[in-house]
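Listed below, chain by chain, are the residues.
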Amino acid sequence: MIGYVECEFLIYNAHSLKEKRAVLQRTLTRLKQKRNVSVAEINYQDVWQRTKIAIVTVASSKQTAEHEIEKALSFLDSFPEWERTSTSYEWL
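To keep things clear, this report deals only with the structure shown in the data block. (Residues numbered from 1 in each chain as written. Predicted model: local features only at pLDDT ≥ 70, side-chain atom pairs only at ≥ 80, totals over all residues. Heavy atoms only, no water.)

What follows covers the packing of aromatic side chains. A ring pair, where both rings are aromatic, is described by two values, the distance of the centres and the angle of the planes. Enumeration according to the criterion identifies three aromatic pairs in this entry. An angle of 20° between the planes, with centres 4.1 Å apart, marks the rings of F9 and W82 as stacked. One end of the pair, F9, is in strand β1 (residues 2–11); the other, W82, is in strand β4 (residues 82–91), and 73 residues separate them in sequence. As far as burial versus exposure is concerned, F9 and W82 are alike and both buried. (Phe/Tyr/Trp six-rings, centres within 6.5 Å; stacked < 30°, edge-to-face > 60°. Helix = DSSP H or I, 4+ residues; strand = E, 2+ residues; numbered from the N terminus. Buried < 20%, exposed > 50% of the residue type's maximum accessible area, 1.4 Å probe, protein only.)

What follows covers the environment of L73. Relative to the assigned elements, L73 resides in helix α2 (residues 62–77). Counting along the chain gives 22 residues from L73 to T51, while the straight-line C-alpha distance between them is 15 Å. The contact partners of L73, leaving out residues within four places of it in the chain, are V5, C7, I55, R84, T87 and Y89. (Contact = heavy atoms within 4.5 Å.)

Taken together, the side chains of I2, V58 and L92 make up a nonpolar region of the molecular surface, amounting to roughly 280 Å² of accessible area. Note on placement: I2 falls in strand β1. Accessibility expressed as a relative area gives 32% for I2, which makes it partly exposed. (Patch = residues over 30% accessible without salt bridge, like charges linked within 9 Å, V, L, I, M, F, W, Y side chains within 5 Å. Areas by Shrake-Rupley, 256 points an atom, 1.4 Å probe, with all protein chains shown as cover. Salt bridge = Lys/Arg side-chain N within 4 Å of Asp/Glu carboxyl O.)

Where strand β2 (residues 38–43) lies against strand β3 (residues 50–58), five bridges are found, and the strand directions are antiparallel. Paired with A40 across the strands is A54, a residue of β3. (Pairing = 2+ DSSP bridges.)

Bringing the nonpolar core into the picture now. The tendency in soluble globular proteins is for nonpolar side chains to be buried as a group. Counting 20 residues, the largest nonpolar core has C7, L28, L31, I53, I55, L76 and W82 as its most contacted members. Contributing elements (two or more residues each) for this core: β1, α1 (17–34), β3 and α2. Each residue touching L28, except ones within four places of it in the same chain, is listed here: V39, I53, L76 and W82. (Core = buried A, V, L, I, M, F, W, Y, C linked by side-chain atoms within 4.5 Å.)

Turning next to α2. Look at α2: 22 Å from first C-alpha to last across 16 residues, which is about the 22 Å you get at 1.5 Å a residue. The complete set of buried residues in α2 reads A65, E68, I69, A72, L73, F75 and L76. Burial along α2 is one-sided: seen end-on, the buried residues are contained in an arc of 160°. (Expected span 1.5 Å × (residues − 1). Arc of directions from axis to C-beta.)

In structure tokens form, the structure reads like this:
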């Protein structure tokens, strides 16, 4: 089972692309280290305070994939630098 999630985030205190990328690099690197997922920024690369990321995991069952995705989203939500505005799931 493949779990795929797209999430949009607002980064309130980013006043430049450099600040935005610092937040992204720090959070996405930590996520990759802690959870069994792949993650990448997929949209809004040239916008200061907005980003869209994709998270993907592969597991033997849908329940396991859902658990891993939810843990990854909870981890991302724990960072005060940003706020998740939308989330869409897809299961393959």
